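Breakdown of the fold
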Amino acid sequence: MSVRTRFAPSPTGYLHIGGARTALFSWLYARKHNGKFVLRIEDTDAERSTDESTRAILDGMEWLGLKHDEGPFYQSKRSGIYKAEIEKLISGGHLYRCYCTTEELTARREAARIKGLPPKYDGRCRTRTDAPEGVPYALRFRVPEGSVIFKDIIKGSIKIQNLEIEDMILLRSDETPTYNFCVVVDDATMNISHVIRGDDHISNTAKQILIYNALGYEIPVFAHLPMILGADKTRLSKRHGATSVIAYKAQGFLPHALVNYLARLGWSHGDQEIFSIDELIELFSFDNVGVAAGVFSPEKLLWLNAHYIKESTDSTLAPLLLPFLAELGVKDIKADHRLEVIVSTLKERAKTLKEMAQSALFYFLSSVEYEEKPEKKFLTEEKLPVFTYLKAELEKLEPFNVESIEAIFTALMEKLDLKLGKVAQPVRVALTGGTVSPGIFETIEAMGKEMVISRLNAAITLIENR
RNA sequence: GUCCCCAUCGUCUAGUGGCCAAGGACACCGCCCUUUCACGGCGGCGACGGGGGUUCGACUCCCCCUGGGGACGCCA
């Protein structure tokens, strides 16, 4: 049997972390077994589904590199198929008309809950034989006696008594089909071999198996992934910070970092932490997927992101940094030949691209903005000789690189009998405005002769006019 | 409330009855490197929820308790 997996989000919001991991595992499994990965948009709820959400989900998937082989299929465009299957169920005697209104149902459910009774449908229309004219009705599934037992490749065998399952509505009174029914019809007709989803769907799986049976479909393999929780161990939600995949992109994360993180949240391969995409495909197996829910750790994601930034080449990083610089007001610098060198000075110390842009800002400002304390401490009259010497020497320096710059400093230190620490820090302040930057020689090289000279001049002028 | 799932360091996890006085990673704390900040290196802190079994032997198997999570819609 060929492997066919699917990711079936409902377009009622962005692609979130949990959905992304489900998509990732489904994608990995399909890739690993040379199967197909199908994307299906579950938009049967016309009220809540939006095109923007669909777009956002597609964008998120693309950014993560999770390409689908088939689709996207839209449930809203498959009503003909659902209709035919509903007819089959009707003739098989599996459905009955329910004339209860939403209001009545909600009220009864509440009442049951208060009394401590199971808040499920009481089945009052089950045996109804009349057919009132002009009264809207929904079609409910007649749950048979017995129990559902299914094997989950992650959790093992799961058994649920049919008594626990209510007669669910498959066709609304407006004649649109509902989720549990559509999923079954779609997974069956799309020949999905492995249904991979969050374990919050386990109770749905029992309902769906009943429908599979009623329709005579073959039952697929189920894999219910454990939930992803927030730091407080409750289901991950907005309260826990960013949950949208695209928000991570906006914060300067690399897709590979997020993929690697998500893969290791719930799955493992011995002690290995770093995985290339190809390794993930090669090594992925449900045998190594954990059964317990896991807490999402932004710190570890950050660590992985820093790792992948360090691993990236300057030329791949440079263009990725542009939008983050633009956000800080630095625009039209595509042609700045210094960009890659600048990236090389920063990538050892940035955890995100956003942070890197922030640290790179001083390279692009037309004039330095000194921080108050460093300015007072380091831009002093006593340091004037250092600045004037460097200005004179660097101005005529050729080639202008780390080695030649270091040589100038060595000579300066000898001449003035100063240690590097006494020289580097004042220069750093003069050039960057602050006390934190990459190595001073690297910084000077990356900044470029022109800007270095003008900033030394600015410092000299400032001191002399004080 | 009912049903389902789950339970190793703060967190992600390795561990599939003896290899475990429980290993790795993130975080945290030291030290080293060092022109600042980082990176890096070295070291430290730190866990099998409790109780019963089974067994020559349980982190590993079974049961109970406790604790957590999830599901109970004409949402998906």
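Residues numbered from 1 in each chain as written. Chains lettered and ligands numbered in written order. Predicted model: local features only at pLDDT ≥ 70, side-chain atom pairs only at ≥ 80, totals over all residues. Heavy atoms only, no water.

The next thing to look at is the overall build of chain A. Within chain A, the secondary structure is distributed over 19 helices and 12 strands. For 466 residues, the compact-globule formula gives about 23 Å, and the C-alpha radius of gyration of chain A, at 31 Å, lies well above that figure. Principal axes of the C-alpha set define a box for chain A whose edges measure 105 × 45 × 40 Å. Taken across its 466 residues, chain A has 48% of its residues classed as buried. Considering only intrachain contacts with a sequence separation of at least 6, the fraction spanning at least 24 residues in chain A is 76%. Put simply, chain A shows about 23,200 Å² of open surface, and 52% of that area lies on carbon and sulfur atoms. For chain A, the distance from the average site of its 59 positive side-chain charges to the average site of its 63 negative ones is 5 Å. (Helix = DSSP H or I, 4+ residues; strand = E, 2+ residues; numbered from the N terminus. Rg over C-alpha atoms; globule rule 2.2 N^0.38 Å. Buried < 20%, exposed > 50% of the residue type's maximum accessible area, 1.4 Å probe, protein only. Contact = heavy atoms within 4.5 Å. Areas by Shrake-Rupley, 256 points an atom, 1.4 Å probe, with all protein chains shown as cover. Lys, Arg positive; Asp, Glu negative; His and termini not counted. Charge placed at Lys NZ, Arg CZ, Asp CG, Glu CD.)

Where helix α15 (residues 384-395) contacts helix α16 (residues 402-416), the axes come no closer than 11 Å and their chain directions differ by 140 degrees. As for the relative orientation of α15 and α16, their crossing is right-handed in sense. On α16, the residues touching P385, V386, Y389, L390, E393 and L394 of α15 are I405, I408, F409, A411, L412, K415 and L416. Class assignment of the residues belonging to the contact of α15 with α16 gives a composition of 11 nonpolar, no polar and two charged. (Axes fitted to C-alpha atoms, helices over the stretch in contact; angles between N-to-C directions. Left-handed = near helix turned anticlockwise from the far one by under 90°. Nonpolar A, V, L, I, M, F, W, Y, C, P; charged D, E, K, R; others polar.)

The next thing to look at is a negative patch on the surface. Together, E348, E403, E406, E442 and E445 make up a region of like negative charge exposed at the surface. Elements represented by at least two residues in the negative patch include exactly α16 and α18 (440-447). Relative to the helices and strands, E403 is located in helix α16. (Patch = residues over 30% accessible without salt bridge, like charges linked within 9 Å, V, L, I, M, F, W, Y side chains within 5 Å. Salt bridge = Lys/Arg side-chain N within 4 Å of Asp/Glu carboxyl O.)

Overall, antiparallel pairing links the three strands, which are arranged β4-β5-β8 in an open sheet. Each having just a single partner strand, β4 (95-98) and β8 (169-171) make up the two edges of the open sheet. Sheet twist, expressed as the average angle between the axes of neighbouring strands with direction ignored, equals 45 degrees. Bridge count for β4 against strand β5 (residues 138-141) is four bridges, and the pairing is antiparallel. Paired with C98 across the strands is A138, a residue of β5. (Pairing = 2+ DSSP bridges.)

Under the criterion given, the structure shown has 26 salt bridges. For the salt bridge of R108 with E104, the shortest nitrogen-to-oxygen distance reads 3.7 Å. Placement of the pair is R108 and E104 together in helix α4 (residues 102-115), with a separation of four residues, close to one helical turn. For E104, a relative accessible area of 39% translates into the label partly exposed. Close ionic contact of D199 with K155 constitutes a salt bridge, the shortest N to O distance being 2.8 Å. On the criterion of sequence distance, the pair formed by D199 in the loop between β9 (194-198) and α6 (202-215) and K155 in the loop between β6 (147-152) and β7 (156-161) is long-range, its members being 44 residues apart.

Below, the discussion takes up α18. The buried fraction of α18 is high, at six of eight residues. All buried positions along α18 are accounted for by I440, F441, T443, I444, A446 and M447. At its buried positions, α18 is contacted by α12 (339-346), α13 (353-364), α16, α17 (420-432) and α19 (449-464). A positive backbone phi angle near 95 degrees is found at G448, which sits one or two residues after α18.

To continue, consider the confidence of the model for chain A. Per-residue confidence for chain A gives a mean pLDDT of 94, with 100% of residues at or over 70. Taken together, the chains of this predicted complex give a pTM of 0.95 and an interface ipTM of 0.96. (pLDDT = per-residue confidence, 0-100.)

What follows deals with the protein's contact with RNA strand B. Contacts to RNA strand B come from 62 residues, most closely from R172, S203, R349, R428 and S437. In the interface set of RNA strand B, defined as its atoms within 4 Å of the protein, sugar plus phosphate atoms amount to 71%. Here a phosphate oxygen of RNA strand B and a side-chain polar atom of S268 are 2.8 Å apart. A distance of 2.4 Å separates a base oxygen of RNA strand B from a polar side-chain atom of R428. Listing elements by their share of the surface near RNA strand B, those giving two or more residues are α4, β5, β7, α6, β12 (294-295), α10 (298-311), α17 and α18. Sorting elements by how many residues they give to the surface near RNA strand B places α17 first, with five residues. Of the residues belonging to the surface near RNA strand B, the class tally is 19 nonpolar, 20 polar and 23 charged. (Near = heavy atom within 4 Å. Polar contact = N/O pair within 3.5 Å; in protein donor to acceptor, adjacent residues only side chain to side chain.)

To continue, consider the state of the cysteines. By definition, a disulfide links the sulfur atoms of two cysteine residues through a covalent bond. A complete count under the given rule lists zero disulfides for this structure. With no disulfide of its own, C100 lies closest to C125 among cysteine sulfurs, the gap being 3.6 Å. Looking at C100, the relative accessible area reads 15%, which means it is buried. (Disulfide = S-S within 2.5 Å.)

With that out of the way, let us pick up the pairing of β6. Here β6 shows one buried face, formed by V148, F150 and D152, and one open face, formed by S147, I149 and K151. Here six bridges tie β6 to β7, and the two strands are oriented antiparallel to one another. Looking across to β7, one finds that V148 is bridged to I160. Between β6 and the antiparallel strand that follows it, β7, lie three residues.

Time to look at the packing of α17 against α18. Where α17 meets α18, the closest approach of the two axes is 10 Å, and the angle between their N-to-C directions is 30 degrees. By the angle between their axes, α17 is roughly parallel relative to α18. For the pair α17 and α18, the crossing hand works out as left-handed. Residues L420, A424, V427, R428, L431 and T432 of α17 form the contact with α18, whose own contacting residues are I440, F441, T443, I444 and M447. Within the contact of α17 with α18, the residues separate by chemical class into eight nonpolar, two polar and one charged. (Parallel < 35°, antiparallel > 145°, perpendicular 65-115°, else oblique.)

The next subject is the nonpolar core. Core analysis: the biggest nonpolar cluster contains 103 residues, and L394 and V427 have the highest contact counts within it. With near-sequence residues (within four places) excluded, V427 lies in contact with V386, F387, L390, F409, I440 and I444. In terms of nonpolar packing, the next biggest core, distinct from the first, is built from 34 residues, Y82, V143, A188 and A206 among them. (Core = buried A, V, L, I, M, F, W, Y, C linked by side-chain atoms within 4.5 Å.)

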